[in-house]
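Each chain, letter by letter, is given below.
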Amino acid sequence: MPEIIEVELYRIAASATIGRRILAVDAPDAWYLKRGVSMNALVSALRGRVVDAARRHGKLLLLDLVGAASAPGAPGASVTAGAVDDGDAVTLGLRFGMTGRLIVDGIAPITELAYGSSRAERSWERFALRFDGGGSLMISDPRRLGGVELDPDEGDLGPDAYGLTAPQLAHALAGSHAPLKARLMDQTRIAGLGNLLTDEILWRAGLDPARPAGSLEGRERARLARAVTSALADLSARGGSHTGDLQSARQRGGRCPRDGTPLQRRTVAGRTTYSCPRHQR
DNA sequence: ATTGTGGCCTGCCCGC
DNA sequence: TGCGGGCAGGCCACAA
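Residues numbered from 1 in each chain as written. Chains lettered and ligands numbered in written order. Predicted model: local features only at pLDDT ≥ 70, side-chain atom pairs only at ≥ 80, totals over all residues. Heavy atoms only, no water.

Enquirer: Please clarify how the protein's contact with DNA strand C should be interpreted in this entry.
Expert: Lining the immediate environment of DNA strand C, one finds 15 residues, of which M98, R143, L145, R265 and R271 sit closest. Contact distances for DNA strand C include 3.3 Å between a phosphate oxygen and a side-chain N or O atom of T272. Taken together, the residues of the surface near DNA strand C break down into 4 nonpolar, 5 polar and 6 charged. (Near = heavy atom within 4 Å. Polar contact = N/O pair within 3.5 Å; in protein donor to acceptor, adjacent residues only side chain to side chain. Nonpolar A, V, L, I, M, F, W, Y, C, P; charged D, E, K, R; others polar.)

Right under this line is the structure:
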């Protein structure tokens, strides 16, 4: 599924659209538009603008759009509050849920997606930008778990998992009685970690996912910080969050790749969790 | 405030 | 061979 690693690849792909002007917006699925944005409002807010930047915060992909939006088409169109848009920059937020794929100019940066399908069905196309001079940026999402929103509140997100510092990690865990895994996946505390990455990180760190987050000692926090860094670096280099050392054993009957112990399968933080009862304490 | 739970979405896989 | 139930997890609303 798209976790921070995949969304970073999406960001790189999306950066190819920088400088292009939006000619048309396809939003065939109203359910895919979040935070109460109507199709009409979204289209008129985006059309005519130019992509200025492609950013990422955690699993949220952000497109900064500048330039005047298209003038309200029909005479008498209701734009009572619309004057705010004119000339102001807007930011388009794209979320991919578990099965969302980004396709830029017809090319998907990620072809194989854990739990997703690699097929291309027209009916799965939930949102697209068509650019002046050709080319497009499109989201294909079979399960409709992703979504699009205008001017997302980035303040709701914790520090990005890439480049997370030890003090930031310590702050994210301090004083919490929630399971360690829940805290790591809480996007308001740390942005970007999903289920697979979190299992991999805790396995590398040798920490029980169910441990109260605030119970870690200094050495354990240091180990966890190193595991976050190493897991992100290794799995990014390998090309995805599904390439972890634990991944092949992450199934019923799987054994710990480190010590051969049968892995424990349980629900922690509401998610299916695999861990080694021997070396994760 | 913090933590936990259930539901949403739907393709796919397993067992009968 | 077809069918139905369970499963996957990011995110959100809501409960305790």
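From this point, the narrative continues.
Enquirer: How should the packing of helix α5 (residues 195–205) against helix α6 (residues 218–238) be read in this particular structure?
Expert: Working note: a packed helix pair is described by the angle between its axes plus the distance between those axes. Following both chains from N to C, one finds α5 and α6 inclined at 125 degrees, their axes separated by 8 Å at the closest point. With respect to α6, the axis of α5 lies oblique. Note on packing geometry: the crossing formed by α5 with α6 is right-handed. Of the residues in α6, those touching α5 at L197, E200, I201, L202, R204 and A205 are R223, L224, A227, V228, S230, A231, L232, D234, L235 and R238. For the contact of α5 with α6, the residue count by class is 10 nonpolar, 1 polar and 5 charged. (Axes fitted to C-alpha atoms, helices over the stretch in contact; angles between N-to-C directions. Helix = DSSP H or I, 4+ residues; strand = E, 2+ residues; numbered from the N terminus. Parallel < 35°, antiparallel > 145°, perpendicular 65-115°, else oblique. Left-handed = near helix turned anticlockwise from the far one by under 90°. Contact = heavy atoms within 4.5 Å.)

Enquirer: Help me out: how do you make sense of the environment of R189 in this one?
Expert: Along the polypeptide, R189 turns up in the loop between α4 (180–185) and α5. By relative accessible area, which is 35% here, R189 ends up partly exposed. In sequence terms R189 and L60 are 129 residues apart; their C-alpha atoms lie 14 Å from each other. Beyond its immediate sequence surroundings of up to four residues, R189 is in contact with G158, P159, A172 and R183. (Buried < 20%, exposed > 50% of the residue type's maximum accessible area, 1.4 Å probe, protein only.)

Enquirer: I would appreciate a short explanation of the sheet that holds strand β7 (residues 136–140) in the present structure.
Expert: Taken together, the 4 strands give an open sheet; going across it, the order is β1-β6-β7-β5, and neighbouring strands pair in antiparallel fashion. Each of the sheet's edge strands pairs with one partner strand only, and the pair in question is β1 (22–26) and β5 (101–104). Taken over all neighbouring pairs, the strand axes of this sheet differ in orientation by 10 degrees on average, direction set aside. On top of the sheet, helix α1 (residues 4–14) reaches β5 and β7; it is set at about 15 degrees to β5, its chief contact. (Pairing = 2+ DSSP bridges.)

Enquirer: I would appreciate a short explanation of the packing of aromatic side chains in the present structure.
Expert: What describes a pair of aromatic rings is the distance from one ring centre to the other and the angle between the planes of the rings. Taken as a whole and judged by the stated rule, the model has 1 aromatic pair. For the ring pair Y10 and F96, a centre distance of 4.6 Å and an interplane angle of 55 degrees mean the geometry is tilted. Here Y10, found in helix α1, pairs with F96, found in the loop between β4 (90–95) and β5; they are 86 residues apart in sequence, far enough to count as distant. (Phe/Tyr/Trp six-rings, centres within 6.5 Å; stacked < 30°, edge-to-face > 60°.)

Enquirer: Looking at this structure, I do not really get the pairing of β7. What am I missing?
Expert: Moving residue by residue along a regular strand, the side chains alternate between the two faces of the sheet. Counted residue by residue, β7 has 5 buried out of 5 residues, so it is predominantly covered. Side chains of β7 alternate between two faces, with S136, M138 and S140 and L137 and I139 buried alike. The sheet contact formed by β5 and β7 spans 4 bridges and is antiparallel. Looking across to β7, one finds that I103 is bridged to M138. Where strand β6 (residues 125–131) meets β7, 5 bridges bridge the pair, whose relative direction is antiparallel. Note on β7: the bridge partner recorded for L129 is L137. Here β6 hands over to β7 after 4 residues, with G133 in that stretch at a positive phi of 85 degrees.

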